[in-house]
Structures are given as C-alpha cells and as structure tokens.
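Overview (structure and organization)
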There are 2 protein chains.
Amino acid sequence: MGVTKSEMFTQAQNELAVLAKALGHPARIAIIEYLLKVNACICGDIVGELPLAQPTVSQHLKELKNAGLIKGNIEGTAICYCIDEEGFGKIKSFFDYVQNTLTEKKEKCC
Amino acid sequence: MGVTKSEMFTQAQNELAVLAKALGHPARIAIIEYLLKVNACICGDIVGELPLAQPTVSQHLKELKNAGLIKGNIEGTAICYCIDEEGFGKIKSFFDYVQNTLTEKKEKCC
DNA sequence: TTATTATATTGCAATATTACGATAAAAGAA
DNA sequence: TTCTTTTATCGTAATATTGCAATATAATAA
C-alpha cells in the first residue's frame, strides 16, 4: 500500500517520526550541518553548497521547514534560513529519554 | 528518480541519515518506546503490541536492526529483541552537537 | 518599463516504502 | 513423525520519495 497508518499511533509518536524522517536524507543532514557551521542565517548560498540542482535543494529545504527543523524569513531577493530550535528540542528530548532509560535500568540481556 | 544520491555525501552524513530514517515511522518509534518500557529483551510479544499485521511488524523490526538501533537474539522458538545502545549513541551525539552549537553561538537573526 | 537574481512550483520518470496475504522456515511439544 | 508456535520471506498493490528540466514568482536594479 505504501501508505503509513498514522492514525493507529499516538500524536507524539507521529510527531517524532515526522522529525526523524525529515532528517532521514543525507542532503538534509548536510543542510543542517551547514546552517550550524556558518551559524545564524544563510541568505542564498545553500544551493551552491550542495551537489544537487536548485529545485531539489528547494524541496529539501521545504521538508525541513514543514517538519519544524528550520525557519525561513524573506530578506529582499533572498531567503534567510536558520535552525528552528523548537523542533530540535523536541527530538533531542526523545533521545535524552532513551539514554536516561537505558542507563537507569541495567538488566540487559542481549 | 526516487534514488538518493548517497555517494555525493560523506559517510558520516549517510550514517546519520540512515539512523534518522529508521526512526521516521510511527510504528518504529512505538517499537523503541515499547522496548524501553518493558526494558531488556522482548521475546515474542511485539506483534501483539502494534496495530499492524505480523509481516509488517517483522519488516519494521528488520529495518531497525539493519540501521543498528536494535539487536535480535534467537531464543528458542522466539526472538529476543532489545535496544542497541551503540546506534542510539551515534545519533544522540549528533543532537548533542546541534544543541551545543546552538547554545554556544547566539547571534541568531530569525 | 525591462532585465536580473533568487527561490518556489509544476510535471514527470525512476525508485523506494508501506502493508499484508500466502507461504516458508525453525524449534519445541505431543 | 506430525502438530503447533513464532518469526521471516515472497509477491504484489498502493502510495511516497527523489531528482531535475522547465517554468513561475517575487524582489530589486537598470
């Protein structure tokens, strides 16, 4: 079917999946890393940084934005992108929870 | 084309993307949460916990295993699954890096 | 006004993912 | 041995994703 049965899972599970999925492509990891490297906003040079055509980069940016991982502000002719800390905070909480739970209980068997 | 140009990105970027992608489905988030909740290994009751058919669950488990997020050991008739701390460690490092970089440099503009 | 520049959208082909019924495989029980 | 239980694999249909050329849009410059 190719269609995820989202309605069978909780909203929290779906939100986490959306955030993780948005990072599930090397181009989008590269975008995030670049935004972190140059810090603050990037106005216009993201396309030149990636080995992909402009429409493809635009599409990846849109997915990151829809997921809530980056923000974009119009800045004259260009657009200003930067990390959205709220989205990253949500997914980071999940990994913190995983690690805390793992170190807390130590009766592993595998 | 539907084919990711993995070879255009670094190995580290691809590894992170694979880990994130594996978590990019609510069923797989649910599996991880369940493994954490019951702690240690689960031998046999994962299918009953999810609103999906057995072959579908088996497929999701395989993807988590391939990505390095869970481990599976044969235990008689059943199979014993548990969290793979190594894979989670890798992806958690990325989010730690993101947060550290964000709090360090504070010249945001968005 | 007409360029020019930067980004988004459309349309499409190639490929990947999701889901599940049917079936297979593997191990223990009878 | 046959039966039962548990998990994996195969095959297939429906849908989603990736990538890009072509085009559209929006803002500024000339």
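You'll find the structure just up there.
Residues numbered from 1 in each chain as written. Chains lettered and ligands numbered in written order. Predicted model: local features only at pLDDT ≥ 70, side-chain atom pairs only at ≥ 80, totals over all residues. Heavy atoms only, no water.

**Concerning the overall build of chain A**
Each helix and strand counted, chain A has five helices and three strands in total. Tracing chain A from N to C terminus, the helices and strands come up as α-α-β-α-α-β-β-α. Burial analysis of chain A (110 residues in total) assigns 45% to the buried set. Considering only residue pairs separated by 6 or more positions, chain A has 51% of its internal contacts joining residues 24 or more positions apart. Surface accessibility of chain A: about 5,800 Å² in total, with carbon and sulfur atoms responsible for 51%. (Helix = DSSP H or I, 4+ residues; strand = E, 2+ residues; numbered from the N terminus. Buried < 20%, exposed > 50% of the residue type's maximum accessible area, 1.4 Å probe, protein only. Contact = heavy atoms within 4.5 Å. Areas by Shrake-Rupley, 256 points an atom, 1.4 Å probe, with all protein chains shown as cover.)

**Section: the pairing of strand 3 (residues 78-83) of chain A**
Both strand 2 (residues 70-75) of chain A and strand 3 of chain A contribute to a ladder of six bridges, which runs antiparallel. Residue A:Glu75 lies in a different strand from strand 3 of chain A, and its bridge partner there is A:Ala78. (Pairing = 2+ DSSP bridges.)

**Quick word on the interface of chain A and chain B**
Chain A puts 51 residues into the contact, and the matching count from chain B is 51 residues. Carbon and sulfur atoms make up 73% of the surface buried where chain A meets chain B, a total of about 4,600 Å² over both sides. The tally of links from chain A across to chain B stands at two salt bridges. One salt bridge in this structure joins B:Lys92 and A:Asp96, with 3.2 Å as the shortest N-O distance. (Buried area = accessible area lost by both parts, 1.4 Å probe. Salt bridge = Lys/Arg side-chain N within 4 Å of Asp/Glu carboxyl O.)

**Quick word on the relation of the copies chain A and chain B**
It takes a turn of 180 degrees to lay chain A on chain B, together with a shift of 0.0 Å along the axis; the resulting RMSD is 0.0 Å. Within this description, the copies of the chain are treated as partners about a two-fold rotation axis. Of the interface residues in chain A, 100% have counterparts in chain B that sit at the interface too, so the contact is made through matching surfaces. (Least-squares fit on C-alpha atoms with pLDDT ≥ 70 in both.)

**What to know about helix 2 (residues 26-38) of chain A**
Residues and elements named next belong to chain A. With 13 residues, helix 2 extends 18 Å between its outermost C-alpha atoms, agreeing within 8% with the 18 Å of an ideal straight helix rising 1.5 Å per residue. Counting buried positions along helix 2 gives 10 out of 13 residues, so the element sits mostly inside the fold. For helix 2, every residue scored as buried is listed here: Pro 26, Ala 27, Arg 28, Ile 29, Ala 30, Ile 31, Ile 32, Tyr 34, Leu 35 and Leu 36. (Expected span 1.5 Å × (residues − 1).)

**Topic: the layout of surface pockets**
In this structure, the largest pocket spans a volume of roughly 410 Å³. Only helix 1 (11-22) and helix 4 (54-67) of chain A together with helix 1 (11-22) and helix 4 (54-67) of chain B provide two or more residues apiece to the lining of the largest pocket. Here the element with the most residues in the lining of the largest pocket is helix 4 of chain A; it accounts for five residues. Here the residues of the lining of the largest pocket sort into six nonpolar, nine polar and six charged. (1 Å grid on protein atoms, 1.4 Å probe; cavity = no way out; pocket = protein on both sides within 12 Å on 5 of 7 lines; lining within 4 Å. Points joined across faces, edges and corners; volume = space filled by probe spheres on them. Nonpolar A, V, L, I, M, F, W, Y, C, P; charged D, E, K, R; others polar.)

**Regarding the pattern of salt bridges**
Summed over all chains, the structure comprises six salt bridges over all chains. By sharing partners, the salt bridges in this structure join A:Lys92, A:Asp96, B:Lys92 and B:Asp96 into a single network.

**Some points on the packing of helix 2 (residues 26-38) of chain B against helix 4 of chain B**
All names here are of chain B. Direction vectors running N to C along helix 2 and helix 4 enclose 75 degrees, while the axes themselves pass 10 Å from each other. By the angle class used here, helix 2 and helix 4 are roughly perpendicular. Each of Ala 27, Arg 28, Ile 31 and Ile 32 in helix 2 lies in contact with helix 4, whose residues at this interface are His 60, Leu 61, Glu 63 and Leu 64. Counted by class, the contact of helix 2 with helix 4 contains five nonpolar, one polar and two charged residues. (Axes fitted to C-alpha atoms, helices over the stretch in contact; angles between N-to-C directions. Parallel < 35°, antiparallel > 145°, perpendicular 65-115°, else oblique.)

**Some points on the packing of helix 5 (residues 85-104) of chain A against helix 5 (residues 85-104) of chain B**
Two elements in contact, helix 5 of chain A and helix 5 of chain B, have axes separated by 10 Å at closest approach and are oriented at 140 degrees. Relative to helix 5 of chain B, the element helix 5 of chain A lies oblique. For the pair helix 5 of chain A and helix 5 of chain B, the sense of crossing is left-handed. Packed against helix 5 of chain A, whose contacting residues are A:Glu85, A:Phe88, A:Ile91, A:Lys92, A:Phe94, A:Phe95, A:Asp96, A:Val98, A:Gln99 and A:Leu102, the element helix 5 of chain B presents B:Glu85, B:Phe88, B:Ile91, B:Lys92, B:Phe94, B:Phe95, B:Asp96, B:Val98, B:Gln99 and B:Leu102 at the interface. Looking at the contact of helix 5 of chain A with helix 5 of chain B, its residues break down into 12 nonpolar, two polar and six charged. (Left-handed = near helix turned anticlockwise from the far one by under 90°.)

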